[in-house]
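Spelled out from the first residue to the last, the chains are:
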2 protein chains.
Amino acid sequence: MTVDAPDADTPEAGDTAAWDDWRTYGEPDLPRILAAALEAFVEHGYHGTSIRDIAAASGLSVPGVYHHYRSKQEILAALMSATMDELLGRSRAALASAGDDPVARFEAVVESMLRFHMARRGQAFVGSSEMRSLDPDERAAHIALRDEQQAMLRVLLEEGVAAGVFATPYPADVARAISSLCVGMASWYREDGPQSADELVVRELAMARALADSGATG
Amino acid sequence: MTVDAPDADTPEAGDTAAWDDWRTYGEPDLPRILAAALEAFVEHGYHGTSIRDIAAASGLSVPGVYHHYRSKQEILAALMSATMDELLGRSRAALASAGDDPVARFEAVVESMLRFHMARRGQAFVGSSEMRSLDPDERAAHIALRDEQQAMLRVLLEEGVAAGVFATPYPADVARAISSLCVGMASWYREDGPQSADELVVRELAMARALADSGATG
DNA sequence: AGGCCGACCGAGCGATCGCTCGGTCGCGAG
DNA sequence: CTCGCGACCGAGCGATCGCTCGGTCGGCCT
């Protein structure tokens, strides 16, 4: 069992100091097997993709794939954890670079989520649609990370409410709603769509702010 | 090939006059094969479910299933179209019962979507997650209906903007966002959750209104 | 009583599934 | 030059897949 690892110059999972350039995205540097699996999972889903599909798309034989991963399940798990690691890493980096203003902190994290779900739409889509295909252990770990991401948002909203800059009485619901917007965006966004990524970020950010101020009637 | 049809007292697809009681939901009255397929698709996905799974869960043999549906694909298609027919029917009924006020019309349709995604969460989830598993023809038909649903929302938003009661410069984006909120809700909502369905509707409706007023800076 | 038909089933078809066995090959170390 | 080892492959295992063939059975019409 060898690693088939990402290039060495890629920031490692959990390394908060990396991703300091959290707004910019290069080519996804997944190892070829994961890249092939990603494309297939996006199009046909985990159970609709065979190891032979993945092998052919990565230019390998079936045993060639099994030389790098012990099972199809391990391929999915590797893909999902790479996804969550990058999302959380970028969100933490965004938060760390945002200073003290509650609104700026909130917007930095939301922007990091928006950009991730646009630039890594395939990963983001698989990360949410194939959770049920994960083995219980990996699924629990994945859910914990996703909850951590949402908790970050919720805390930021609560701090904004405490500071008097947000009005929502239900920060947890708003955090969930913003996550839903991001997941949804990963489904419909196309790079060659009518709006630029930057403009889309502006629009969605405005919607996120509106959610943070919703329910102000009291 | 016979029908395995819903009970005769169920409103038929496309019958706008039905669903006049669009807010109330009884037990889903899917034929047993579709009910079994729904449960399996929610848990394991279309490709993760075998005909033998569906047969066993509906108390039939494999040929017994094929007596009612020509293929596994036809089972999925029947489930998806039943879903979209009910959603669109209830939304149209909500709109028809809402009077002339633009805000009331908007809120009626959003509420119909919210309640549907709560009461029929399984169908709603499969309807959005298994679109890629549909054959191209049925997929195109399904997408057309989904677009019709979103267009209804967008037109309502445009009318509200024209009437001066909504502020968003991007009604299409807001319509998409509201749909995303509904789809997301189908993923996390549980009937035995901490909030009642009615309270959740109030909260989510407030968020939808906030989205309709977002981006007012110009 | 006889015949038809809708509802269903036991057995099994060929294809494909995830995965493995027993290799080959090239490259770097000694 | 040889040896070990990581990277890979041809062939094929048993299991399961979607689907079908050739029935049985019971209720309804005449």
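Just so you know, these numbers come straight off a predicted model, no measurement behind them.

A. Local environment of the overall build of chain A. Within chain A, the regular secondary structure consists of 9 helices and 0 strands. Ordered by position in the sequence, the α and β elements of chain A form the string α-α-α-α-α-α-α-α-α. At 18 Å, chain A has a C-alpha radius of gyration in line with the 17 Å of a compact globule built from 218 residues. Each principal axis of the C-alpha distribution contributes one length, and for chain A these read about 60 × 40 × 30 Å. The buried share of chain A, reckoned over its 218 residues, is 42%. Taking as baseline every contact in chain A between residues at least 6 positions apart, the subset at least 24 positions apart corresponds to 69%.

B. Broad picture of the relation of the copies chain A and chain B. Least-squares fitting of chain A to chain B yields an RMSD of 0.0 Å, with the transformation described by 0.0 Å of translation along the axis and a rotation of 180°. On this basis, the relationship between the two copies can be described by a two-fold rotation axis. Looking at the interface residues of chain A, 100% of them are also at the interface in chain B, so both copies use one shared face.

C. Focus on the UniProt feature "domain: HTH tetR-type" (unreviewed entry) in chain A. UniProt annotation of "domain: HTH tetR-type" (unreviewed entry) refers to residues 27–87 of chain A when read in the numbering used here. Span residues 27–87 of chain A is 70% helix and 0% strand, its end C-alpha atoms 15 Å apart.

D. Spotlight on the interface of chain A and chain B. Taken together, the contact between chain A and chain B spans 25 residues of the former and 25 residues of the latter. Taken together, the elements giving at least two residues each to the side of chain A that touches chain B come down to α1 (32–44), α8 (171–188) and α9 (197–212) of chain A. Per-element tally for the side of chain A that touches chain B: the top contributor is α8(A), with 8 residues. Within the side of chain A that touches chain B, the residues separate by chemical class into 9 nonpolar, 10 polar and 6 charged.

E. Summary view of the nonpolar core. Counting 112 residues, the largest nonpolar core has Ala37(A), Ile178(A), Leu211(A), Ala37(B), Ile178(B) and Leu211(B) as the members making the most contacts within it. Setting aside residues up to four positions removed in sequence, Ala37(A) forms contacts with Ile54(A), Ile75(A) and Leu79(A).

F. Region of the structure containing the confidence of the model for chain A. For chain A, per-residue confidence averages 92 on the pLDDT scale, and 91% of positions sit at 70 or higher. Between residues 5–15 of chain A, whose pLDDT stays under 50, and residues either more than four places distant or in other chains, the model counts 13 contacts.

G. The environment of Glu27(B), seen in detail. Residue and element names in this part refer to chain B. With respect to the secondary-structure elements, Glu-27 resides in the segment before α1 (32–44). Note on Glu-27: 6 C-beta atoms within 10 Å, which makes it exposed. Along the chain, Glu-27 and Pro-169 lie 142 residues apart, while their C-alpha atoms are 40 Å from each other.

H. Seen up close, the environment of Ala144(B). Residue and element names in this part refer to chain B. Looking at where Ala-144 falls in the secondary structure, it is placed in helix α7 (residues 136–162). A count of 11 C-beta atoms within 10 Å places Ala-144 in the exposed class. It is 20 Å that separates the C-alpha atoms of Ala-144 and Ala-94, two residues lying 50 residues apart in sequence.

I. α9(A), seen in detail. Between its first and last C-alpha, α9(A) extends 22 Å over 16 residues, near the 22 Å set by a 1.5 Å rise per residue. When we look at burial in α9(A), the residues that qualify are Glu204(A), Met207(A), Ala208(A), Arg209(A), Ala210(A), Leu211(A) and Ala212(A). Buried residues in α9(A) make contact with α5 (102–119), α7 (136–162) and α8 of chain A together with α8 (171–188) and α9 (197–212) of chain B.

J. Seen up close, the packing of α5(A) against α8(A). Residue and element names in this part refer to chain A. The contact between α5 and α8 brings their axes to 8 Å, and the two run at 20°. Here α5 lies roughly parallel to α8, going by the angle between them. The way α5 lies across α8 gives a crossing that is right-handed. Where α5 approaches α8, its residues Val-110, Met-113, Leu-114, His-117 and Met-118 are matched on the opposing element by Ile-178, Cys-182, Val-183, Met-185 and Ala-186.

K. Spotlight on the packing of helix α4 (residues 72–96) of chain A against α5(A). All names here are of chain A. As a packed pair, α4 and α5 sit with axes 8 Å apart at the nearest point and diverge in direction by 150°. Relative to α5, the element α4 is oriented roughly antiparallel. Like other packed secondary-structure pairs, α4 and α5 cross with a definite hand, here right-handed. Side by side, α4 and α5 meet where Leu-87, Arg-90, Ser-91, Ala-94 and Leu-95 of the first sit next to Arg-105, Ala-108, Val-109, Glu-111, Ser-112, Met-113 and Phe-116 of the second. Along the lines of polarity and charge, the residues of the contact of α4 with α5 split into 7 nonpolar, 2 polar and 3 charged.

L. Layout of helix α6 (residues 121–129) of chain B. Turning to α6(B), its buried residues number three or more, namely Gln123(B), Ala124(B), Val126(B), Gly127(B), Ser128(B) and Ser129(B). Residues of α6(B) that are buried in the fold lie against α6 (121–129) of chain A together with α1, α4 (72–96), α5 (102–119) and α8 of chain B.

M. Spatial organisation of the environment of Pro194(B). Note that Pro194(B) resides in the loop between α8 and α9. Expressed as a C-alpha distance, the spacing of Pro194(B) and Tyr46(B), which sit 148 residues apart in the sequence, is 31 Å.

Rules and cut-offs
Residue positions are given per chain, counted from 1 along the sequence in the order it is written. Each chain takes a letter, starting from A, and each ligand takes a number, starting from 1, following the order in which they are written. Where totals are concerned, whole chains, interfaces and linings use all residues; where local detail is concerned, this predicted model gives features only for residues with pLDDT of at least 70, and gives and counts side-chain atom pairs only at 80 or more. A run of DSSP states H or I qualifies as a helix once it reaches four residues; a run of E qualifies as a strand once it reaches two. Both are numbered from the N-terminal end. Note on method: radius of gyration uses C-alpha positions; expected globular size equals 2.2 Å times residues raised to 0.38. Residues with at least 20 neighbouring C-beta atoms inside 10 Å of their own are called buried, those with 12 or fewer are called exposed, and the rest are partly exposed, where every C-beta is derived from the backbone. We call two residues in contact whenever the C-beta atoms placed from their backbones are within 7 Å. The least-squares superposition of copies is restricted to C-alpha atoms, and to residues with a pLDDT of at least 70 in both copies. UniProt positions are given in the numbering used here, feature names are shortened, and annotations may be inferred rather than shown by experiment. Amino acids are sorted into nonpolar (Ala, Val, Leu, Ile, Met, Phe, Trp, Tyr, Cys and Pro), charged (Asp, Glu, Lys and Arg) and polar (every other residue, Gly among them). Definition of nonpolar core: a set of buried Ala, Val, Leu, Ile, Met, Phe, Trp, Tyr and Cys residues joined via C-beta atoms within 7 Å. Values of pLDDT, which run from 0 to 100, indicate the predictor's confidence residue by residue. To estimate the expected span of a helix, count its residues, drop one, and scale the result by 1.5 Å. Inter-axis angles, ranging from 0 to 180 degrees, are taken between N-to-C directions of lines fitted to C-alpha atoms, where helices are fitted over the stretch in contact. Any angle between 65 and 115 degrees counts as roughly perpendicular, while under 35 counts as roughly parallel, over 145 as roughly antiparallel, and the rest as oblique. Each crossing gets its hand from how the near helix is turned against the far one by less than a right angle, where anticlockwise is left-handed and clockwise is right-handed.

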